[in-house]
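Next come the chains, spelled out residue by residue.
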Amino acid sequence: MGEDLEKLKQRFSLLDYLRQQNWVARPAGHGSEFVGLCPLHRDTRPSFYVNARKNLFYCHGCGQGGDLLRFIQLSRQLSFRQSLAYLQQHEAASADPAAVLEHAAAFYQQQLDRYPEALHYLKQRGLHDLALIKELRIGYAPGGSLRRHLTAQGYSCDLLQRLGLLDSQGHDAFYRRVVFSCCQGGRVINLYGRSIAAAFAHRFLPGSKGGLYGWEQVQQCPEVILVEGLFDYAVLWQAGFRHVTCSLGTHLNTYQFQQRCDRPRTIYLTFDVDANGSGQQASQQLADRLRARGISTRRVLLTDGHDPNSFFVQGGDARQFQSLLEAAQP
Ligand SMILES: [Zn+2]
């Protein structure tokens, strides 16, 4: 126990912990000493000193001092045993990226209802079914509040920066963006943020996007509709087409391609019909590659300039889309 406890304490820097709790400090002369306002008493002049090398604090105002566990005991009013449990939990939370992304996704979902501009944007993109929006776990990143929320849960800024949730200056990376969660095996592995202001390109967090979006739900289906974008996916769901998956762009990574070839099935390629023909070109190439693997494909032809999202936004309905599926050519 004693040795484990020492190791646990060594793994945590008191200074990092305090900074996560938004303690503001300045160097106090020597290299490893810092000083700031005391978080344990009403302090008006900085009297709280931290020695980063020794991992200890001392306050000249209230006379408290000790190590990180002592600080947790005092600041959270916990017993020694409870502080130890808190620190262990804190460590588990800091270590698991999927848990952090899950927390971030849940936070963004809670924000959605509070920002009319986000719901307005979704409506513009053809999404009005609130139950469906909830089911798809769509959220909103207003910007400027995720950091506070997650650090209060014990996640370090360092971890949040590594995951790309915070930028290099420590600010929320997603700002005024509608957020979708990319999941694999029931765990959130990335977040997709679509700016509600037209000026900014959509983006993911760094790291893998994973496989096809929504693949796990359609894996057993003999017929699958493949779309490029998440708003295409969402409007098709809303129109009652649930055998849909999304490649998050026209370029499929190797893993996404393999997922599709795991058994015989028919794939309805429903890529954008854009002016420069890139969507259709990608669609043709993909059809050829899939056919070579024994997968049958049909190319769904939307009218010029349309993708499934704009098709529905501009008044297309489920019956019309169904006719397009039926008319799709190999
Ligand atoms: Zn104090």
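Since we're looking at a predicted model, the values are computed, not measured.

**Observations regarding the nonpolar core**
Judged by nonpolar contacts, the single largest core of 39 residues is most densely connected at Leu-127, Val-178, Ile-225 and Phe-321. Of all the elements in the fold, those that place two or more residues in this core are α6 (116-124), α7 (130-135), β7 (177-184), β10 (223-227), α11 (230-238), β11 (244-246), α14 (308-313) and α15 (318-327). No other element matches the seven residues that α11 contributes to this core. Apart from the residues lying within four places of it in its own chain, the contact partners of Val-178 are Tyr-121, Leu-122, Ile-138, Gly-139, Tyr-140, Tyr-192, Gly-193, Arg-194, Ile-196 and Phe-231.

**What to know about the side chain of Ser-310**
By the element assignment, Ser-310 lies in helix α14. Since its relative accessible area comes to 16%, Ser-310 is described here as buried. Looking at Ser-310, its side chain comes within polar contact range of the side chain of His-306, at 2.7 Å.

**Considering α11**
Counted residue by residue, α11 has eight buried out of nine residues, so it is predominantly covered. Of the residues making up α11, those classed as buried are Leu-230, Phe-231, Asp-232, Tyr-233, Ala-234, Val-235, Leu-236 and Trp-237. Where α11 ends, the next residue or the one after it, Gly-240, has phi of about 100 degrees, a positive value.

**Thoughts on the sheet that holds strand β9 (residues 203-204)**
Pairing in this open sheet of four strands is antiparallel, and the strands run β6-β7-β8-β9 from one edge to the other. At either margin of the open sheet sits one strand with a lone partner, and together these are β6 (139-141) and β9. Two elements, β7 and strand β8 (residues 187-195), share eight bridges in a ladder whose sense is antiparallel. Within β8, the residue paired with Phe-180 across the bridge is Tyr-192. Taken strand by strand, helix α5 (residues 97-112) contacts β6, β7 and β8, and its axis lies near 40 degrees from that of β8.

Quick notes on the rules
- Residues numbered from 1 in each chain as written.
- Predicted model: local features only at pLDDT ≥ 70, side-chain atom pairs only at ≥ 80, totals over all residues.
- Heavy atoms only, no water.
- Core = buried A, V, L, I, M, F, W, Y, C linked by side-chain atoms within 4.5 Å.
- Buried < 20%, exposed > 50% of the residue type's maximum accessible area, 1.4 Å probe, protein only.
- Helix = DSSP H or I, 4+ residues; strand = E, 2+ residues; numbered from the N terminus.
- Contact = heavy atoms within 4.5 Å.
- Polar contact = N/O pair within 3.5 Å; in protein donor to acceptor, adjacent residues only side chain to side chain.
- Pairing = 2+ DSSP bridges.
- Axes fitted to C-alpha atoms, helices over the stretch in contact; angles between N-to-C directions.

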